[in-house]
Every structure is written in structure tokens, then in C-alpha cells.
Amino acid sequence: MAEICKCSCPQPTKWLKGKVIGSGSFGSVHLAMDKATGGLFVLKSADSEAGLKCLENEVEILENLDSPHIVKFIGKDLSSEANGKNKLSLFLEYMTGGSLADVAEKFGGSLDEEVICLYTKGILKGLKYLHENGIVHCDLKCKNILLGTSGEIKLADFGCTKRIKDNKVNDSPKSLSKSIGGTPLWMAPEILRNEELDFSADIWSLGCTIIEMATGKTPWGGDICTNHLAAVLKIACSNEMPQFPSHFSDDGLDFLAKCLERNTKKRWKVEQLLDHPFVSKGSEKIKNLEKIDIASTPASVLDGGIFSEMDFSDESSSDEDESMNGNALSTRCDREFWNSTRGVKMDLESSESWINVRN
């Protein structure tokens, strides 16, 4: 198990709250400035009782983590308002690139596969650190993955996160809570069926996130979002899979198949996925570029082979929208699903229209 270290970043004592840079059903996110240093950070706050509980959970998780692949916890502030209610504010590292959802939107709505490979490796490193520390993120998606100016990837938004290794029974991890949190279109089928929470749930969400990066759309298509109940039933009870990107390479499609495996025992683990060609080939390209000797650089435009190796094409491919033809769910499956979730608190509204907004 990896060592857990507390963050030693100094907490701002005097600060200014700036404009809103994100919001969701549980609270808002502001840009803030440390008056002592002039540095920027993120101020995350919540007003509702549900939002306060999520922030408290996020603080409990983040204040004991220290990884270059996890958004850095800076501090917290608990204050009392005039109405007597407590207001909790969370201070976090400011990632200038925004979320991967923001990045995709600014670059045409979707990302190139080569870039997705690099980002996926960063996500996997973050998940590896969490899983080694007995933590399941539970709400992995593009809006909860942040990008730095140098391409560094960091996982964020730990309001739905669960620790599971602290409550082991016969070496089988169990969830510490009966509540279910996350965004359903990215959630693993077994979680929606209220089965045992395990690290493999994050792997399913990773597959959905890759589809989101590649298509710029929700992993199950746009039509399913109009009927939330049908969406939950389809993911939880059917044998259907999200539509894989048609333009993906064979390695990419195979990687998705390893993530989006309905049988949790066959679903690959983080360590296996880090060795998959879809992720490792990006690292090999970087290594090969670093090995190029300066002597191979042409001295002039007359050197042979320059133009033969250059690609001047400016063609871009566009993805065609594909409709999803789902099979009807059986009455038995519906009944089993509702029986399994009866009496269980399902905290599925972590966002408006399933998605946390972070503009």
C-alpha cells in the first residue's frame, strides 16, 4: 500500500474571491487570490446540506493525499452565516487548462487519439495512486479531470469518493456507505445494481471517459439522457455496451473492450492497462523522438528526403452520429433491479442533467 502524505502547502489567510468559474447542483467554484503572495487558487463552496456533506467528504479524502496526479489540497475554511448555517469552503490548486471537457470543446468538440493516449496514461497514474490507498473515485469523467499548461493530468472532484479497504471482510473490499454517488451515464452497471463497490468501477468509468474524449458526447449517446430511468435500467440490466468510436485504432478499441467489460472479474486493472499498447505506444513515440541525433537534422532544404517525409495534407475527418438500437429490458431484470435498490439512498443527482457544470 502506498504511503499517504499530508500536503504541506501553506493555506491562504487573506484572500479575495473572484468570478465563478464553475458550478453544479451542490455548490459553486470561484477563482481566488492569495493576498499575501498574489497567487491564484480555486475556492469551492457549498450552501446546501447535501453539498456540505460532499465537501466534507472531499476534504477528508484530499487532506491526506499527496500525488502529482491528484489536484492539490491547499486548505479549508468553515464559517457561520447570519442565518446560523455553516458554510464550508475548500481551497484547491488552480489548473490553468481547465477540465478535459473544456479542452475538448475548445479544440473542436473532441480530441485526437494520440492526445487521448497521453491523457489516459495520466488518468491511470492518478487511479493507480488512489487504488493503492484503498480509494475509489466513483465519479470519473472529463469534467472531473483537470489539465495543466504542460499537459499534466490531475484527478479532481472527490465529493462522491469512497474508501473501501478500511472495511475489509475476508479480503473482499466493501463500501463504507450504502449511498450511491456519481454520474449514472459514467457509472459501472454493478454499482447501479447496488452490488459491491470495487476498484473496477473506476475502470468502467475510464472507458466511458475515453469515449467522451473521442466523440465529445456522453458515453451512451444523447437520446438516452432524455429519460433518466430508462438510462439507469439500460446500463444496469441490459447486455448492451456504449458505442465505441468508429475512427479508433485497433489498440484503442481493444483498450475500451478491456475497460467496458460487464464481468467485473474480467475487467482489467490499472496496472494491466498501463502496459496496454494503447497507452504505452505514446511513451515509445516520445522516447524515439528523444533518441533522434542532432546530426540527422537537415542542413538545408536541398537535403534529400525532407519533402518525402513531410505530410502537407490538411484533411480532417468528422464522426457520423450513430443511433443506438437497444434491446428491450426484461420484466425480471427490472424487478430484480428495483428490489436490489429498495431502501438504498441513491445519490445520483450529483449534477444537473447528470453532469457537473464547470465552465
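- In the annotation of an unreviewed UniProt entry, the entry for the protein reads Protein kinase domain-containing protein, and the organism field reads Anisodus acutangulus.
- Per UniProt, the protein has the following entry under Sequence similarities (unreviewed entry): "Belongs to the protein kinase superfamily."

Side note on the UniProt feature "binding site: ATP" (unreviewed entry) in the protein
Then step 1. Here, the residues flagged by UniProt with the feature "binding site: ATP" (unreviewed entry) are K44.
Then step 2. On the secondary structure map, K44 appears in strand β3 (residues 40-46).
Then step 3. For K44, the residues in contact, after removing those within four places along its chain, are S28, V29, L55, E58, L88, S89, L90, L92 and D157.

Quick notes on the sheet that holds strand β1 (residues 15-23)
Then step 1. Taken together, the five strands give an open sheet; going across it, the order is β1-β2-β3-β5-β4, and neighbouring strands pair in antiparallel fashion. Because the sheet does not close on itself, it has two edges, and the strands there are β1 and β4 (73-80). For this sheet, the mean inter-axis angle between neighbouring strands, taken without regard to orientation, is 30°.
Then step 2. In this structure, β1 lies alongside strand β2 (residues 28-34), joined through six bridges in antiparallel fashion. The residue bridging V20 from the neighbouring strand is H30, located in β2.

Considering the side chain of E58
Then step 1. Tracing the backbone shows E58 in helix α1 (residues 49-62).
Then step 2. Once residues lying within four places of it in the same chain are set aside, the contact partners of E58 are K44, L90, L92, D157, F158 and G159.

Some details on a nonpolar patch on the surface
Then step 1. Together, L16, M33, L40 and Y94 give the surface a local cluster of nonpolar side chains, amounting to about 340 Å² of exposed area.
Then step 2. Judged by its relative accessible area of 44%, L40 falls in the partly exposed class.

Concerning the pattern of salt bridges
Then step 1. Per the counting criterion, the structure on display carries ten salt bridges.
Then step 2. Among the salt bridges present, the one from D66 reaches K72, with a minimum N-O distance of 3.5 Å.
Then step 3. With relative accessibility at 25%, the residue K72 sits in the partly exposed group.
Then step 4. Because the salt bridges share partners, they merge into one network encompassing K44, E58 and D157.

Details of helix α5 (residues 200-215)
Then step 1. Here α5 contains 16 residues, and its C-alpha end-to-end distance of 23 Å stays within 8% of the 22 Å for a straight helix at 1.5 Å per residue.
Then step 2. Across the 16 residues that make up α5, a large majority, 15, are buried.
Then step 3. Positive backbone phi, at 75°, marks G216, one or two positions downstream of α5.

Here we look at the nonpolar core
The tendency in soluble globular proteins is for nonpolar side chains to be buried side by side.
Then step 1. L100, I123, L155, L206, I210, M213 and F255 are the most contacted members of the largest nonpolar core, which has 76 residues in total.
Then step 2. Counting residues per element, this core draws most heavily on α5, which supplies nine residues.
Then step 3. Leave out the neighbours within four places in its chain, and I123 touches L100, L140, I145, I153, L155, L206 and M213.
Then step 4. Grouped together as the second largest cluster of nonpolar side chains are five residues, A32, L43, I74 and F91 included.

Some words on the confidence of the model for the protein
Should pLDDT be low for a region, the predicted coordinates there are not to be read in detail.
Then step 1. For the protein, per-residue confidence averages 78 on the pLDDT scale, and residues scoring 70 or more make up 68% of the total.
Then step 2. Within the model, the stretch residues 167-178 combines pLDDT values under 50 with 20 contacts to residues more than four positions away or in other chains.
Then step 3. Every residue in residues 349-359 is under pLDDT 50, and counting partners more than four places away or in other chains gives 47 contacts.

What to know about empty space enclosed by the protein
Then step 1. Evaluated as defined, the whole model comprises two cavities of 30 Å³ or more.
Then step 2. Estimates place the volume of the second largest cavity at around 40 Å³.
Then step 3. The wall of the second largest cavity is formed by L62, L65, D66, S67, I70, V71, K72 and F73.
Then step 4. Along the lines of polarity and charge, the residues of the lining of the second largest cavity split into five nonpolar, one polar and two charged.

Topic: the packing of α5 against helix α7 (residues 250-259)
Then step 1. Remark: α5 packs on α7, axes separated minimally by 8 Å, with the N-to-C direction vectors making an angle of 145°. Residues I203, W204, L206, G207, I210 and I211 of α5 form the contact with α7, whose participating residues are F255, L256 and C259.
Then step 2. Among the residues forming the contact of α5 with α7, the class breakdown is eight nonpolar, one polar and no charged.

Focus on the packing of aromatic side chains
Then step 1. Summed over the entire model, instances satisfying the criterion amount to four aromatic pairs.
Then step 2. Residues W15 and F91 carry aromatic rings whose centres are separated by 5.2 Å and whose planes lie at 70° to one another, so their mutual orientation is edge-to-face. Remark: F91 occurs in strand β5 (residues 86-93) and W15 occurs in strand β1; sequence separation between them is 76 residues.
Then step 3. Classification of W15 as partly exposed rests on a relative accessible area of 26%.
Then step 4. Seen from their ring centres, F41 and F91 are 5.2 Å apart, and the 70° between their planes marks the pair as edge-to-face. Here F41 is found in strand β3, whereas its partner F91 is found in strand β5, with 50 residues between them in sequence. Neither F41 nor F91 differs from the other in exposure class; each is buried.
Then step 5. One aromatic cluster is present, formed by W15, F41 and F91 through successive ring pairs.

Cut-offs used in this document
- Residues numbered from 1 in each chain as written.
- Predicted model: local features only at pLDDT ≥ 70, side-chain atom pairs only at ≥ 80, totals over all residues.
- Heavy atoms only, no water.
- UniProt positions renumbered as here; feature names shortened; annotations may be inferred.
- Helix = DSSP H or I, 4+ residues; strand = E, 2+ residues; numbered from the N terminus.
- Contact = heavy atoms within 4.5 Å.
- Pairing = 2+ DSSP bridges.
- Axes fitted to C-alpha atoms, helices over the stretch in contact; angles between N-to-C directions.
- Patch = residues over 30% accessible without salt bridge, like charges linked within 9 Å, V, L, I, M, F, W, Y side chains within 5 Å.
- Areas by Shrake-Rupley, 256 points an atom, 1.4 Å probe, with all protein chains shown as cover.
- Salt bridge = Lys/Arg side-chain N within 4 Å of Asp/Glu carboxyl O.
- Buried < 20%, exposed > 50% of the residue type's maximum accessible area, 1.4 Å probe, protein only.
- Expected span 1.5 Å × (residues − 1).
- Core = buried A, V, L, I, M, F, W, Y, C linked by side-chain atoms within 4.5 Å.
- pLDDT = per-residue confidence, 0-100.
- 1 Å grid on protein atoms, 1.4 Å probe; cavity = no way out; pocket = protein on both sides within 12 Å on 5 of 7 lines; lining within 4 Å.
- Points joined across faces, edges and corners; volume = space filled by probe spheres on them.
- Nonpolar A, V, L, I, M, F, W, Y, C, P; charged D, E, K, R; others polar.
- Phe/Tyr/Trp six-rings, centres within 6.5 Å; stacked < 30°, edge-to-face > 60°.

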